[in-house]
Amino acid sequence: MIQAATASVWHTSLFGDDALAALFSEKALLERFGAFEMALTRALGAHGLVDAGMADTAIAAMQSFEPDANAIRRAMETDGVPVPAYVRQLKAAAGDAAGAIHAGATSQDLIDTATAMALRDAGTLLAGRIEAVLSALRDLDARYGSHRLTGRTRMQAALPIGVCDRLSAWSTPVTGSLDRLARVRDDAAQLQFGGPVGLGPETLGEAGPAVAGAMAAELGLRLPARPWHTDRSAFVAFGNWLSMVTGAVGKIGQDVALMAQQGIDEIELSSGGTSSAMPHKHNPVVAEKLVTLARYNAVQIGGLHQAMVHEQERSGSAWMLEWMILPPMVEATGRALTDADELLRLVTRIGAAV
């Protein structure tokens, strides 16, 4: 979902999520770079590490600064990261106040912090969508919970169960994912301020920790005990959580697709996909997509764990791999939750009344 899927309007209509994709857009990341640099300059001035007047001048320049995104893209082909070109442009815009910009920071600090802010905001959006899915499940339980179904184990008819039992099996892991969200979101939403080799704010001297604390407070992030240039566990945990969410709603999709089969007819949907050759068919497309998105995210977990292996004080390759994997996983999760809510609200019957 990083090139072919986003380039095709067909794929985007099936798997895309505009609101979540926007959080990881070039525009959003550059805006967060600016927020990081302004927070740093403001803290440097407040704690006497740069002249207060120079800091004010630099902040004023940054507030009106419009980065040349095309130039940053071109430079990134050589630098591998967007920050060097961005900082050069920012310092040029600040003129004589350039010395108040980027002191003690490095490229990874900006990118990791910008990503942490994106994950924090994504978590808030995803929480609302999980609540919507749970609301739809509660509504189904109120309408059809007393109906009966044939329970099935290993794809074979087993014993009768209540629709409420099937719905409980659907809702419990979704509820569990919501319960775990606050922890993984808060862990991921942390300031990165490691400096050139990950030694952290101490490179700024005695005032360094206070500078980092002020930056974290301004950006709405947690201040970690130490920099995490090579410790990607919080981001990997967020990715694991994303896969658990899509797995939970993927199970719903798989069950609905099986329940909707002709001859079983344990569920009715108000609409379905059409066939080019067989007009009698009503394909459970939304249910099928939930299975696809769950399997997509599950496949990404191995790659995300590979991105944990950083060499020495900073990796280029492992870090880039993380960029390729984590944002599309967020988008896939958002779309899966929207689709799950839609699917559940298409249900017009489950099971049979007793």
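Scroll up to find the structure.
Residues numbered from 1 in each chain as written. Predicted model: local features only at pLDDT ≥ 70, side-chain atom pairs only at ≥ 80, totals over all residues. Heavy atoms only, no water.

## Focus on the packing of aromatic side chains
Inference 1: Within the structure shown, the criterion is met by six aromatic pairs.
Inference 2: For the pair phenylalanine 33 and tyrosine 86, a centre-to-centre distance of 5.5 Å together with 70° between the ring planes defines the contact as edge-to-face. One end of the pair, phenylalanine 33, is in helix α4 (residues 26–46); the other, tyrosine 86, is in helix α7 (residues 83–94), and 53 residues separate them in sequence.
Inference 3: The class of phenylalanine 33 is buried, set by a relative accessible area of 3%.
Inference 4: For tyrosine 86, a relative accessible area of 2% gives the class buried.
Inference 5: Taking the centre distance of 5.1 Å and the plane angle of 70° together, the rings of tryptophan 228 and phenylalanine 235 count as edge-to-face.
Inference 6: Given the relative accessible area of 4%, tryptophan 228 is considered buried.
Inference 7: Overall, the relative accessible area of 1% leaves phenylalanine 235 in the buried class. (Phe/Tyr/Trp six-rings, centres within 6.5 Å; stacked < 30°, edge-to-face > 60°. Helix = DSSP H or I, 4+ residues; strand = E, 2+ residues; numbered from the N terminus. Buried < 20%, exposed > 50% of the residue type's maximum accessible area, 1.4 Å probe, protein only.)

## Describing the packing of α4 against helix α10 (residues 208–219)
Inference 1: Direction vectors running N to C along α4 and α10 enclose 135°, while the axes themselves pass 9 Å from each other. Comparing the axis directions of α4 and α10 gives the class oblique. In this structure, the crossing between α4 and α10 has a hand that is right-handed. Across the interface between the two elements, Ala35, Phe36, Met38, Ala39, Leu40, Arg42, Ala43 and Leu44 from α4 touch Val211, Ala214, Met215, Glu218 and Leu219 from α10. (Axes fitted to C-alpha atoms, helices over the stretch in contact; angles between N-to-C directions. Parallel < 35°, antiparallel > 145°, perpendicular 65-115°, else oblique. Left-handed = near helix turned anticlockwise from the far one by under 90°. Contact = heavy atoms within 4.5 Å.)

## Describing the pairing of strand β2 (residues 156–162)
The side chains of a regular strand alternate between both faces of the sheet.
Inference 1: Pairing analysis gives five bridges linking strand β1 (residues 148–153) to β2, with the strands arranged antiparallel. By the bridge assignment, arginine 148 is partnered in β2 with glycine 162. (Pairing = 2+ DSSP bridges.)

## Structural notes on the packing of helix α11 (residues 233–259) against helix α13 (residues 317–345)
Inference 1: With their axes 9 Å apart at the nearest point, α11 and α13 run at an angle of 30° to one another. Here α11 is positioned roughly parallel relative to α13, judged by the angle of their axes. Helix-helix and strand crossings are classified by hand; for α11 and α13 the assignment is left-handed. In contact with Phe235, Phe238, Gly239, Leu242, Ser243, Val245, Thr246, Val249, Ile252, Gly253 and Val256 of α11, α13 contributes Glu322, Leu326, Met329, Val330, Ala332, Thr333, Ala336, Leu337, Ala340, Leu343 and Leu344.
Inference 2: Counted by class, the contact of α11 with α13 contains 16 nonpolar, five polar and one charged residues. (Nonpolar A, V, L, I, M, F, W, Y, C, P; charged D, E, K, R; others polar.)

## Overview of unusual backbone geometry
Glycine aside, residues mostly have negative phi angles, and peptide bonds mostly take the trans form.
Inference 1: A positive phi angle, near 70°, is found at histidine 102, a position not held by glycine.
Inference 2: In this fold, histidine 102 is placed in the loop between α7 and α8 (107–144).
Inference 3: Assessed through its relative accessible area of 15%, histidine 102 is described here as buried.
Inference 4: You will see that methionine 155, though not glycine, has its phi angle at about 70°, which is positive.

## Quick look at the environment of alanine 61
Inference 1: Along the polypeptide, alanine 61 turns up in helix α5 (residues 52–63).
Inference 2: Under the relative-accessibility criterion, alanine 61 is labelled buried at 17%.
Inference 3: Considering only alpha carbons, one finds alanine 61 and leucine 149, 88 residues apart in sequence, at a separation of 66 Å.
Inference 4: Apart from the residues within four sequence positions on either side, alanine 61 is in contact with Ala93 and Ala94.

## Observations concerning the pattern of salt bridges
Inference 1: Applying the stated criterion to the full structure yields 17 salt bridges.
Inference 2: A salt bridge links lysine 27 to glutamate 31, with the nearest nitrogen and oxygen atoms 2.6 Å apart. Highlighted residues: lysine 27 and glutamate 31, both in helix α4, separated by four residues, approximately one helical turn.
Inference 3: A relative accessible area of 58% places lysine 27 in the exposed class.
Inference 4: Connected through shared salt-bridge partners, Arg32, Arg120 and Asp121 make up one network. (Salt bridge = Lys/Arg side-chain N within 4 Å of Asp/Glu carboxyl O.)

## A closer look at α11
Inference 1: Between its terminal C-alpha atoms α11 stretches 39 Å, which fits the 39 Å expected from 27 residues at 1.5 Å a residue.
Inference 2: For α11, the buried fraction is high: 19 of the 27 residues fall into the buried class. (Expected span 1.5 Å × (residues − 1).)

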